[in-house]
Amino acid sequence: VRVANELGAGNGKGARFATIVSVATSTAVGLVFWSLIIGFHDKIALIFSTSQVIQEAVNRLCILLSFSILLNSVQPVLSGVAVGSGWQALVAYVNIGTYYIIGIPCGLILGWIFEFGVQVCSTILCFYWLLCKSQLALSRG
């Protein structure tokens, strides 16, 4: 909203500053949770279960979880900035395209053919984030 307000007021520098502050704040929050998950990877499962099998599975997935949280803390901010800049249609096409054209086929291939199972979700989420970020960079010119 801040970016849209600044652009509406004709203040390009203010919009740029609002974008930088939003991305930096979101990244800082993502890094805090990334650190917590990396630091307590062997204890996180105890919140939900005392089963040894579940604890081992969660421990194996903590690296993917931590990077998914880190990347997913920035992606919605970048989408919000793009929408605030008047690129709603582009954001919609990128989101729909990456989900249906890339996400679902990759999930099917990685999940069933390569038997990655649960790890597929985090892998696709990271790939989706990279695509959205690169599309935003390309649209800026």
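Predicted, not measured: the structure shown is a model, and the values here were computed from it.

1. Quick look at the UniProt feature "transmembrane region" (unreviewed entry) in the chain
Link 1 in the chain: Taken from the UniProt record, the annotation "transmembrane region" (unreviewed entry) applies to residues 17–40, 61–87 and 99–131.
Link 2 in the chain: What you have in residues 61–87 is 89% helix and 0% strand, and the ends, taken at the C-alpha atoms, are 35 Å apart.

2. Notes on the packing of helix α3 (residues 52–84) against helix α4 (residues 88–113)
Link 1 in the chain: Packing of α3 against α4 leaves a shortest axis separation of 7 Å and a crossing angle of 145°. From α3, Q75, S79, A82 and V83 reach across to α4, where they touch Q88, V91 and N95.
Link 2 in the chain: By residue class, the composition of the contact of α3 with α4 is three nonpolar, four polar and no charged.

3. Some details on the pattern of salt bridges
Link 1 in the chain: The tally for this structure, following the rule as stated, stands at one salt bridge.
Link 2 in the chain: Its salt-bridge partner being K43, residue D42 comes within 3.7 Å of it at the nearest N-O pair.
Link 3 in the chain: For D42, a relative accessible area of 39% corresponds to the partly exposed category.
Link 4 in the chain: According to the relative accessible area criterion, K43 is partly exposed, its value standing at 46%.

4. Regarding the side chain of S73
Link 1 in the chain: Looking at where S73 falls in the secondary structure, it is placed in helix α3.
Link 2 in the chain: Setting aside chain neighbours within four positions, we find S73 in contact with S26, T27 and G30.

5. Points about the side chain of E6
Link 1 in the chain: With respect to the helices and strands, the residue E6 is situated in helix α1 (residues 2–8).
Link 2 in the chain: Apart from residues lying up to four places away in sequence, E6 is in contact with N11, G14 and A15.

6. Overview of the environment of A15
Link 1 in the chain: With respect to the helices, strands and loops of the structure, A15 is situated in helix α2 (residues 12–39).
Link 2 in the chain: Taking relative accessible area as the criterion, A15 reaches 6% and is therefore assigned buried.
Link 3 in the chain: Considered as a pair, A15 and N5 are ten residues apart in the sequence and their alpha carbons are 8.0 Å apart.
Link 4 in the chain: Excluding residues within four positions of it along the chain, A15 makes contact with V3, E6 and L7.

7. Side note on α4
Link 1 in the chain: Compared with the 38 Å implied by 1.5 Å per residue over 26 residues, the 35 Å span of α4 between its first and last C-alpha is a close match.
Link 2 in the chain: For α4, the principal kink sits at G103 and spans about 35°; a proline, P105, occurs within the next four residues.
Link 3 in the chain: Those residues of α4 that fall on the buried side of the exposure criterion are V91, V94, G97, T98, G103, G107, L110 and G111.
Link 4 in the chain: E115 sits one or two positions beyond α4 and adopts a positive phi of about 55°.

What counts and what doesn't
- In this numbering scheme, every chain counts its residues from 1 along its sequence in written order.
- For this predicted model, a pLDDT threshold of at least 70 governs which residues receive local features, and a threshold of 80 or more governs which side-chain atom pairs are given and counted, while totals over whole chains, interfaces and linings are taken from all residues.
- With hydrogens and water set aside, each side-chain value is computed from the structure's full complement of heavy atoms.
- UniProt positions are given in the numbering used here, feature names are shortened, and annotations may be inferred rather than shown by experiment.
- What counts as a helix is a DSSP run of H or I of at least four residues, what counts as a strand is a run of E of at least two, and both are numbered from the N terminus.
- Fitted lines through C-alpha atoms give the axes, limited to the stretch in contact for helices. The angle between two N-to-C directions lies from 0 to 180 degrees.
- In what follows, residue pairs with any heavy atoms lying within 4.5 Å of each other are defined as contacts.
- Amino acid classes used here: Ala, Val, Leu, Ile, Met, Phe, Trp, Tyr, Cys and Pro are nonpolar; Asp, Glu, Lys and Arg are charged; the rest, including Gly, are polar.
- In the sections that follow, a salt bridge refers to a side-chain nitrogen of Lys or Arg positioned within 4 Å of a carboxyl oxygen of Asp or Glu.
- For every residue, the accessible area (1.4 Å probe, protein chains only) is compared with the maximum for its type, and the residue is labelled buried under 20%, exposed over 50%, or partly exposed between those bounds.
- Take the number of residues in a helix, subtract one, and multiply by 1.5 Å to get its expected span.
- Note on bend: at a given residue it equals the angle between the axes fitted to the 7 residues ending there and to the 7 starting there.

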